[in-house]
Amino acid sequence: MMVEKVVRGYIVTPEENFLGEIGITNGKIVEVSKIQGHLDAETVDDFGQDYIFPGFIDTHVHCYSNPNEGIHRASMAAAKGGITLFIDMPYDLPTPVTNKDILKEKIDTISKEAVIDVALWGTVPKENGAAVVDELADGGVVGFKLSTFETDPYRFPRISDADILETMRKAADRDLIVAFHAENDELLTRYIEDAKRENRVESIYHNLTRPPVTETTAVIKLLDMASWAHAKLHIVHVSHAKSLEYINWFKAQGTNVTAETCYNYLLLTTEDLKKFGPKAKINPPLREPNELKELEEQLLSGGIDFITSDHAPWQKKDKSIGDDNIFKAKSGSPGLEIMIPLLFDYLIGEKKVTLSKFAELLALAPAQRFNLNNKGSIEQGKDADFTVIHNRGSWQIDENEFISISDVSPFHEHTVNNRIEATIVRGEMVYTHDHGVVENNRGQFVKPNY
Ligand SMILES: [Zn+2]
């Protein structure tokens, strides 16, 4: 059989893994074969024993929380990190994605700048939010990201219960997801005010002012509302196993809900918050070591749907301002370039998770949840998106070498025992370990049901 391109290696599919080859024509997978040499093509990329995973998907990225990052740079960072598609959050500086014109402008930027594929979240304004659901749905967002906690009154507001319910109902009519940053605004505003007044401003107070109850009370309210509204609910960055117990109870009762955790919560604890200070400040906060164990048990027993980076591209100045007062530092950390190698060591190396399960957590499950039907697995007819991982050798993460504008990570100088060998989007090599990122590759804006 004649095809345009052939990729060879140890192929990871949802059911099985084998040494074989993939035939690609017009950016699509036309054949997956267990016999090498079966397909004819002018271009053959043979990766030997390296793993060929489906292209990894990161559904939680903040390109424009820091406008110095932007789509071009973030997508290059993603390519280097083995991500073939990310979904960008709507809380952009200076203007969040709350109407069709802003959305269109962002889609234009993606067409001009993205080197990998990008999909988009929309959000709703603080007042009368549900009114914008239809125009953003028509424009092609994968869903709506809302918050119960006010990070910023204009860009990242707390949405009222009445507007949450109405947005849930309208989004459900469009078969779109409503996702939440779930923290209880009243509780943690009070705890933070108390701490500041008493000058308790060391790093650990970021954790102590956001105890688990500030997450769980927000989660359980949203679950109840979603069950009444028949919404498609997604809870982002779950940091605590108790939240997952509630989520999975509602799921068992028939509520349409999924949950993600972020790589930080699986790899770091309050010990790292004390050690690294502002670099390890994320919302919700890192939890105690025993709480991480419980989160890990949930993950390994199937209680978490997928894993994301919550990539927030802060720079040294955004973090160092909080060296003497943790409350002054920005929250969040970069992840696009390092999440996959770190999780590969942790999940496959340490926890003996299967290759197919790893691919499910980081490609198939997010693709299915957001109806990205041509993404997520290596199957005939789908897009030829692959991430090739070389499972030998070691290197050290250097925060000063990121492609991302971010130059500050709690994983600085952490040793990794695998590497991204290549990232392939629609059959095009966008990154190779030997030659770096192809800066002028063109990714596409991707809509749900595409
Ligand atoms: Zn986020």
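Residues numbered from 1 in each chain as written. Predicted model: local features only at pLDDT ≥ 70, side-chain atom pairs only at ≥ 80, totals over all residues. Heavy atoms only, no water.

Per an unreviewed UniProt entry, the protein carries the name Amidohydrolase-related domain-containing protein and comes from Virgibacillus necropolis.

(A) Up close: the pattern of salt bridges. Evaluated as defined, the whole model comprises 35 salt bridges. For Arg210, the salt bridge is made with Glu183, and the minimal N-O distance between the two is 3.0 Å. Remark: Glu183 occurs in the loop between strand E9 (177-181) and helix H5 (185-197) and Arg210 occurs in the loop between helix H6 (204-208) and helix H7 (212-229); sequence separation between them is 27 residues. (Salt bridge = Lys/Arg side-chain N within 4 Å of Asp/Glu carboxyl O. Helix = DSSP H or I, 4+ residues; strand = E, 2+ residues; numbered from the N terminus.)

(B) Looking closely at the sheet that holds strand E6 (residues 83-88). Strand order in the open sheet made by the 8 strands is E5-E6-E7-E8-E9-E10-E11-E12, with parallel pairing throughout. Because the sheet does not close on itself, it has two edges, and the strands there are strand E5 (56-61) and strand E12 (306-308). When the angles between neighbouring strand axes are averaged without regard to direction, this sheet yields 30°. For strand E10 (residues 232-235) and strand E11 (residues 256-262), the ladder comprises 4 bridges, and the chain directions are parallel. Within E11, the residue paired with Lys232 across the bridge is Asn256. Along the sheet, helix H13 (residues 339-350) contacts E5, E6 and E12; its crossing angle with E12, the most-contacted strand, is approximately 135°. (Pairing = 2+ DSSP bridges. Axes fitted to C-alpha atoms, helices over the stretch in contact; angles between N-to-C directions. Contact = heavy atoms within 4.5 Å.)

(C) Local environment of the packing of helix H1 (residues 70-80) against helix H2 (residues 100-113). Viewed as axis vectors pointing N to C, H1 and H2 meet at an angle of 50°, and their least axial separation amounts to 9 Å. Viewed along their axes, H1 and H2 adopt a mutual orientation that is oblique. Here H1 runs over H2; the crossing is right-handed. Where H1 approaches H2, its residues Ile71, His72 and Ser75 are matched on the opposing element by Thr109, Ile110 and Glu113. Its residues assigned to classes, the contact of H1 with H2 shows 2 nonpolar, 3 polar and 1 charged. (Parallel < 35°, antiparallel > 145°, perpendicular 65-115°, else oblique. Left-handed = near helix turned anticlockwise from the far one by under 90°. Nonpolar A, V, L, I, M, F, W, Y, C, P; charged D, E, K, R; others polar.)

(D) Just the coordination of the zinc ion, in detail. With distances of 2.0 to 2.2 Å, the protein atoms coordinating the zinc ion are His60 (NE2), His62 (NE2) and Asp310 (OD). Look at where the donors of the zinc ion fall in the sequence and you get H-x1-H-x247-D. Here the residue His60 occupies a position in strand E5, and Asp310 occupies one in the loop between E12 and helix H12 (316-320), the gap between them amounting to 250 residues. The two residues His60 and Asp310 agree in class, both being buried. (Donors = N, O, S within 2.8 Å, 3.2 Å for Na, K, Ca; no water. Buried < 20%, exposed > 50% of the residue type's maximum accessible area, 1.4 Å probe, protein only.)

(E) Quick look at the packing of aromatic side chains. This structure, assessed with the given rule, holds 13 aromatic pairs. Ring centres of Tyr263 and Phe411 lie 5.5 Å apart, and the angle between their planes is 25°; this geometry places the pair in the stacked category. With Tyr263 in helix H9 (residues 263-267) and Phe411 in the loop between strand E14 (395-396) and strand E15 (415-416), this pair connects stretches of sequence that are 148 residues apart. We note that Tyr263, like Phe411, is buried. Among the aromatic side chains, those forming a connected cluster through ring pairs are Tyr10, Tyr51, Phe53, Phe56, Phe344 and Phe358. The ring of Phe18 is capped by Lys34, whose NZ or CZ atom sits 5.3 Å from the centre of that ring. (Phe/Tyr/Trp six-rings, centres within 6.5 Å; stacked < 30°, edge-to-face > 60°. Lys NZ or Arg CZ within 6 Å of the ring centre and 35° of its normal.)

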